[in-house]
Amino acid sequence: MDKKVIFAVAGSGKTTFVVESIRPEYKYLVLTYTDANYDNLTNKITAKHNGKWPSNVTLMTWFRFLFRFCYKPFLADAVQSKGLIFESNSNLKATKDSLSFYLSSNRYFYSNRLSLFIEKFILIEEIKERIEEFFDYLIIDEVQDIAGRDFSFLEKIMTSNVNMLFVGDFYQHTYDTSRDGNVNQSLFTDFVKYEKRFENKGFIIDDSTLINSWRCSEEICSFVRNNLGIKIFSNKVQTDCSTIKLITNEDEQRQIYTDDKIIKLHYKESYKWGNGHRNWGDVKGEDCFGDVCVFINKTTQSLFKKGKLMDMAEISRNKLYVAITRAHNSVFFVFE
């Protein structure tokens, strides 16, 4: 079986690569984590097939896969869950052997424990056999979004006897909705160790195919490499219309601030600033911005001035990386 994980960069065409990898002679299970990328994949797969959905492709979000494909065929009648809730269980006395550890009082699975429930009450071999029965390929787009107990579950089904292609950007992991206590807490603190988790399951590591961005200029990519330590290069022809710089002149700041065409990105609490303002990490996956204004919060300002942005906490660095790499044209930094 061919098993490969491709580590990509922002704007490198990850989803397009996934869609172009689909061939008519095989049956595919395609998974992604977010609803936004599910919609993106839906549109691109449909467009490739002249507006019709190909019969050999099944597309699901990660949690639909867990609930509909893994849980329902085996235990839906016995457990009778109504669905999922995306919050943590406040019942600290519940043990892993009781349903109250996994289900709320009104019969909804806690999303961060559904994969553990499946591992505990359904044989993993049965899940793997079900995948093998219906599909030739398992593809996961934005694999970096799978964390916590979900990553442990993913490792178990990695040994299924089907071809696998996973694509993701390690440094675009910006949130942990699957976090449950300290399970896989350090998963995204060391890229080499993260790679090793895939290698241990027989995966080929590809860190070169999608290392160039079609979105960001070389000037922006160079800033990211030198200041955030992330290897990203540009496919764009260098022009004079793209720049990345700190804006300190008040007149220039005012001009940028009042320009509705320039998205303004903040570390957090962007709602306090009004329309046209978003948080750094919330624009992940979006590809519609020309110029971007990145507001640098007080905590980050000293690191920015010292040229030590690499010392940021991993999640904060990743969110800043996402913010900077939204720009098709220029990036303007302003101290908040």
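Everything in this summary refers to the structure shown in the same document. (Residues numbered from 1 in each chain as written. Predicted model: local features only at pLDDT ≥ 70, side-chain atom pairs only at ≥ 80, totals over all residues. Heavy atoms only, no water.)

### Quick notes on the packing of aromatic side chains
- In the structure shown here, the tally under the stated rule is 40 aromatic pairs.
- Ring centres of Phe 166 and Phe 198 lie 6.4 Å apart, and the angle between their planes is 75 degrees; on these two criteria the pair is classed as edge-to-face. You can see Phe 166 sitting in strand β7 (residues 163–168) and its partner Phe 198 sitting in helix α7 (residues 191–199), a full 32 residues away along the chain.
- Judged by its relative accessible area of 0%, Phe 166 is buried.
- Considering the side-chain rings of Phe 188 and Tyr 194, the 5.1 Å spacing of their centres and the 35 degrees angle between planes classify their relative orientation as tilted.
- The class for Phe 188 is buried, based on a relative accessible area of 8%.
- Counting every residue linked through ring pairs, the aromatic cluster contains Phe 7, Phe 151, Phe 166, Phe 170, Tyr 171, Phe 188, Phe 191, Tyr 194, Phe 198 and Phe 203.
- Note that Arg 113 overlies the ring of Phe 101, its terminal NZ or CZ placed 3.7 Å from the centroid. (Phe/Tyr/Trp six-rings, centres within 6.5 Å; stacked < 30°, edge-to-face > 60°. Helix = DSSP H or I, 4+ residues; strand = E, 2+ residues; numbered from the N terminus. Buried < 20%, exposed > 50% of the residue type's maximum accessible area, 1.4 Å probe, protein only. Lys NZ or Arg CZ within 6 Å of the ring centre and 35° of its normal.)

### Observations regarding the pairing of strand β1 (residues 3–7)
- Most of β1 is tucked away: 4 of the 5 residues are buried.
- Of the strand pairs in this sheet, β1 and β7 are connected by 5 bridges, and their pairing is parallel. Residue pairing across strands places Val 5 opposite Phe 166, the latter belonging to β7.
- Inspection of the sheet shows β1 paired to strand β8 (residues 204–206) by 3 bridges, in the parallel sense. Bridge pairing in β8 places Ile 6 opposite Asp 206. (Pairing = 2+ DSSP bridges.)

### Considering the sheet that holds strand β11 (residues 244–246)
- As summarised here, the arrangement of the 5 strands in space is β11-β15-β14-β12-β13, forming an open sheet in which the pairing is parallel. Two strands close off the open sheet at either side, each with one partner strand: β11 and β13 (277–279). Looking at each pair of strands side by side, their axes are set apart by 25 degrees on average, direction ignored.
- Note: β11 against strand β15 (residues 331–335), 3 bridges, orientation parallel. Residue pairing for β15: Lys 245 is matched across the bridge by Phe 332. (Axes fitted to C-alpha atoms, helices over the stretch in contact; angles between N-to-C directions.)

### Section: the sheet that holds β8
- An order of β3-β2-β6-β7-β1-β8 is seen for the 6 strands of this open sheet, with the pairing classed as parallel. Each end of this open sheet is capped by a strand with a single partner; those strands are β3 (57–61) and β8. Neighbour-to-neighbour, the strand axes of the sheet open up by a mean angle of 15 degrees, direction not taken into account.
- Where strand β2 (residues 28–32) and strand β6 (residues 137–141) come together, 5 bridges link them in parallel fashion. Across the sheet, Thr 32 pairs through a bridge with Asp 141, a residue of β6.
- Where α7 meets the sheet, its contacts fall on β1, β7 and β8, and the angle it forms with β1 comes to roughly 160 degrees. (Contact = heavy atoms within 4.5 Å.)

### Concerning the environment of Phe 203
- Among the secondary structure elements, Phe 203 is positioned in the loop between α7 and β8.
- Those residues within four positions of Phe 203 in sequence are excluded, and the remaining contacts are Lys 3, Lys 4, Val 5, Met 158, Met 164, Phe 166 and Phe 198.

### Looking at the pattern of salt bridges
- Applying the stated rule across the entire model yields 15 salt bridges.
- Lys 284 is paired through a salt bridge with Asp 145; the nearest N and O atoms lie 2.6 Å apart. Of this pair, Lys 284 sits in the loop between β13 and β14 (292–296) while Asp 145 sits in the loop between β6 and α6 (148–157); the two residues are 139 residues apart in sequence, bridging distant segments of the chain. You'll find Lys 284 and Asp 145 in the same group, each marked buried.
- A salt bridge links Glu 155 to Arg 197, with the nearest nitrogen and oxygen atoms 2.7 Å apart. Residue Glu 155 is found in helix α6, and its partner Arg 197 is found in helix α7; the two are separated by 42 residues along the sequence.
- Of the residues examined, Glu 155 reaches a relative accessible area of 13% and is grouped as buried. (Salt bridge = Lys/Arg side-chain N within 4 Å of Asp/Glu carboxyl O.)

### So, a negative patch on the surface
- Taken together, the side chains of Glu 126, Glu 129, Glu 132 and Glu 133 present a region of like negative charge at the surface.
- Relative to the assigned elements, Glu 129 resides in helix α5 (residues 124–134). (Patch = residues over 30% accessible without salt bridge, like charges linked within 9 Å, V, L, I, M, F, W, Y side chains within 5 Å. Areas by Shrake-Rupley, 256 points an atom, 1.4 Å probe, with all protein chains shown as cover. Lys, Arg positive; Asp, Glu negative; His and termini not counted. Charge placed at Lys NZ, Arg CZ, Asp CG, Glu CD.)

### Brief notes about the packing of α5 against α6
- Between α5 and α6, the least distance of the axes is 10 Å, while the angle of their chain directions is 65 degrees. Crossing angle aside, the handedness with which α5 passes α6 is right-handed. On α6, the residues that touch Ile 124, Ile 127, Lys 128 and Ile 131 of α5 are Phe 153, Lys 156 and Ile 157. (Left-handed = near helix turned anticlockwise from the far one by under 90°.)

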